[in-house]
Amino acid sequence: MRNIYSNIYKPNFTNLKKAKKNIENNNVIGMPTETVYGLAGNAYSDKSVRKIFILKRRPSYNPLIIHYKSLKMLRNDIIINNSFLKLYKALCPGPITFVLKKKPKSKISTKAIAKKNTVAVRFPKHKVARRLLSLLQVPLAAPSANISSKLSPTSPNDVVDEFKNKIKLILDGSRSKIGLESTIVDLTNHPKILRPGFITPGKIGKILKKKIKINKKTKKIISPGQLKLHYSPGIPVKINVKNPKGNEAIIGLGRKFKNKKNHFNLSKNGNLNEAANNLYKTLRKIKKSGFKSIAVNKIPNVGIGIAINDRLKKASSK
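Just so it is clear, the model here is predicted, and its values are computed rather than measured.

**Q** What's the story with the sheet that holds strand 14 (residues 263-265) in this structure? I'm lost.
**A** Strand pairing in a sheet takes place through backbone hydrogen bonds and is either antiparallel or parallel in direction. Taken in spatial order, the 4 strands of this open sheet run 12-15-13-14, and their pairing is parallel. Two strands lie at the open edges of the sheet, namely strand 12 (237-238) and strand 14, each paired on one side alone. With 3 bridges joining them, strand 13 (residues 249-252) and strand 14 adopt parallel strand pairing. Residue pairing for strand 14: Ile-251 is matched across the bridge by Phe-264. On the sheet, helix 8 (residues 272-288) packs against strand 13, strand 14 and strand 15 (294-296) and is oriented at approximately 170° with respect to strand 13.

Here is the structure:
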């Protein structure tokens, strides 16, 4: 059975084999992960990677995340260190991406890593992504399935909203469980966070037994999520607003947040995990409702709230 959209497919074995064939033919597909939906292609193929960059209208200097099923294949491409092994053992598969040094003989497309000597790698937890990877002999280059700088998709329908019928096969893995992109940690030197996510600096620091800071300098782009403007709904976003205008959409959370037509509550219980999962869905809904601007009440800057604020700050950048 297919979804109501002809290019969305249930992830049964037959359709997974279709997805596998598409990847082997250097085509690009839509793939679910626990964070957001990805635009997946053969990470070893310049042709496949080029298609990803063209579809996303992505700057060539902005590298892609490479998705692996296991350490066995990773060892062919990446120089592994002790910090990575500790984090891998504790957190993988899961919503975390590691920036590591590339082996000289790696088969990863130089276009996928923007001709750098480092690679952002991840082991997705979503069962559909893992089933697909287990059928393949190659890792997958899979950035979020959106037009560059726009909102990441958290459902297969969002991918259709972005690309219409340009993506011929999208695997339906239901709504993404987390709803925000993975935490990115640079392990090439002293560990530091390049992009906050569900896995917090505190959790990473506890595993590595050292303090981990969020890197706020973005002069050198070595991983996704470092561009100034990102995660944009396509209309102005203002953050930490106390007195919003009456004609704009207002985002907040908690029981005290007013229930009005232009008010959008990310979590009535003030749950930040729920708020994170609802963020992109809410921003899309507001844009489709015809509002011209968005005002966001202050979001607690703790836990995944740090990642929510990171996304809102970049969505509000000019």
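**Q** Help me out: how do you make sense of the pattern of salt bridges in this one?
**A** Side chains that carry opposite charge are capable of pairing whenever their charged atoms lie near each other. Taken as a whole and judged by the stated rule, the model has 11 salt bridges. Taking the shortest distance from any N to any O, the salt bridge between Lys-20 and Glu-24 comes out at 2.6 Å. Of this pair, Lys-20 and Glu-24 both sit in helix 1 (residues 13-24), separated by 4 residues, roughly a single helical turn. Residue Lys-20 is classed as partly exposed on the basis of its relative accessible area, which comes to 23%. Linked through salt bridges whose partners overlap, the residues forming this network are Glu-181, Asp-310, Arg-311 and Lys-314.

**Q** What is the right way to look at helix 8 in this model?
**A** Helical periodicity: at 3.6 residues per turn, an α-helix aligns residues three or four positions apart in one direction. In this model helix 8 runs 24 Å from its N-terminal to its C-terminal C-alpha over 17 residues, within 8% of the 24 Å that 1.5 Å per residue would give. At Asn-278, helix 8 shows its strongest bend, of approximately 40°. Buried residues of helix 8: Leu-272, Ala-275, Ala-276, Asn-277, Asn-278, Leu-279, Tyr-280, Thr-282, Leu-283, Arg-284 and Ile-286, and no others. Buried residues along helix 8 sit in contact with helix 6 (156-163), strand 13, strand 14, strand 15 and helix 9 (305-315). You can read the cap of helix 8 off the contacts: a side-chain oxygen lies 2.9 Å from the backbone nitrogen of Asn-273, and it is on Asn-271. Residue Gly-290 follows helix 8 closely and has a positive phi angle near 95°.

**Q** What should I look at first to understand the environment of Ser-176 in this one?
**A** Its place among the elements puts Ser-176 in the loop between strand 9 (170-171) and strand 10 (183-186). A C-alpha to C-alpha distance of 7.0 Å links Ser-176 and Pro-32, two positions 144 residues apart in sequence. Beyond its immediate chain neighbours, meaning those up to four positions away, Ser-176 contacts Thr-33, Glu-34, Thr-35, Val-36, Tyr-37, Thr-154 and Asn-277.

**Q** What exactly am I supposed to notice about the packing of aromatic side chains here?
**A** Throughout the structure, instances matching the rule amount to 7 aromatic pairs. For the pair Phe-84 and Tyr-88, a centre-to-centre distance of 5.7 Å together with 35° between the ring planes defines the contact as tilted. In this pair, Phe-84 and Tyr-88 both sit in helix 4 (residues 82-91), 4 residues apart, roughly one turn of the helix. Between Tyr-231 and Tyr-280, the ring centres sit 6.3 Å apart and the planes meet at 20°, which makes this aromatic pair stacked. Here Tyr-231, found in the loop between helix 7 (201-208) and strand 12, pairs with Tyr-280, found in helix 8; they are 49 residues apart in sequence, far enough to count as distant. We note that Tyr-231, like Tyr-280, is buried. The rings of Tyr-68, Phe-84, Tyr-88, Phe-98 and Phe-123 are connected pair by pair, giving a single aromatic cluster. When the ring centre of Tyr-231 is taken as origin, the NZ or CZ atom of Arg-311, which lies over that ring, is 5.2 Å away.

**Q** Help me out: how do you make sense of a positive patch on the surface in this one?
**A** Together, Arg-57, Lys-150, Lys-166, Lys-287 and Lys-292 give the surface a local cluster of positive charge. Secondary-structure assignment places Lys-287 in helix 8.

**Q** In this structure, what is going on with empty space enclosed by the protein? I would like to understand it.
**A** Here the idea is plain: a probe the size of a water molecule rolls over the atoms and shows the empty space left. Under the definition given, this model contains 1 cavity of 30 Å³ or more. What lines the largest cavity is a set of 27 residues, and nearest its centre among them are Val-36, Pro-143, Ser-144, Glu-181 and Arg-195. Split by residue class, the lining of the largest cavity holds 8 nonpolar, 13 polar and 6 charged.

What counts, and at which threshold
Residues numbered from 1 in each chain as written. Predicted model: local features only at pLDDT ≥ 70, side-chain atom pairs only at ≥ 80, totals over all residues. Heavy atoms only, no water. Pairing = 2+ DSSP bridges. Helix = DSSP H or I, 4+ residues; strand = E, 2+ residues; numbered from the N terminus. Contact = heavy atoms within 4.5 Å. Axes fitted to C-alpha atoms, helices over the stretch in contact; angles between N-to-C directions. Salt bridge = Lys/Arg side-chain N within 4 Å of Asp/Glu carboxyl O. Buried < 20%, exposed > 50% of the residue type's maximum accessible area, 1.4 Å probe, protein only. Expected span 1.5 Å × (residues − 1). Bend = angle between axes of the 7 residues up to and from the residue. Polar contact = N/O pair within 3.5 Å; in protein donor to acceptor, adjacent residues only side chain to side chain. Phe/Tyr/Trp six-rings, centres within 6.5 Å; stacked < 30°, edge-to-face > 60°. Lys NZ or Arg CZ within 6 Å of the ring centre and 35° of its normal. Patch = residues over 30% accessible without salt bridge, like charges linked within 9 Å, V, L, I, M, F, W, Y side chains within 5 Å. Areas by Shrake-Rupley, 256 points an atom, 1.4 Å probe, with all protein chains shown as cover. Lys, Arg positive; Asp, Glu negative; His and termini not counted. Charge placed at Lys NZ, Arg CZ, Asp CG, Glu CD. 1 Å grid on protein atoms, 1.4 Å probe; cavity = no way out; pocket = protein on both sides within 12 Å on 5 of 7 lines; lining within 4 Å. Points joined across faces, edges and corners; volume = space filled by probe spheres on them. Nonpolar A, V, L, I, M, F, W, Y, C, P; charged D, E, K, R; others polar.

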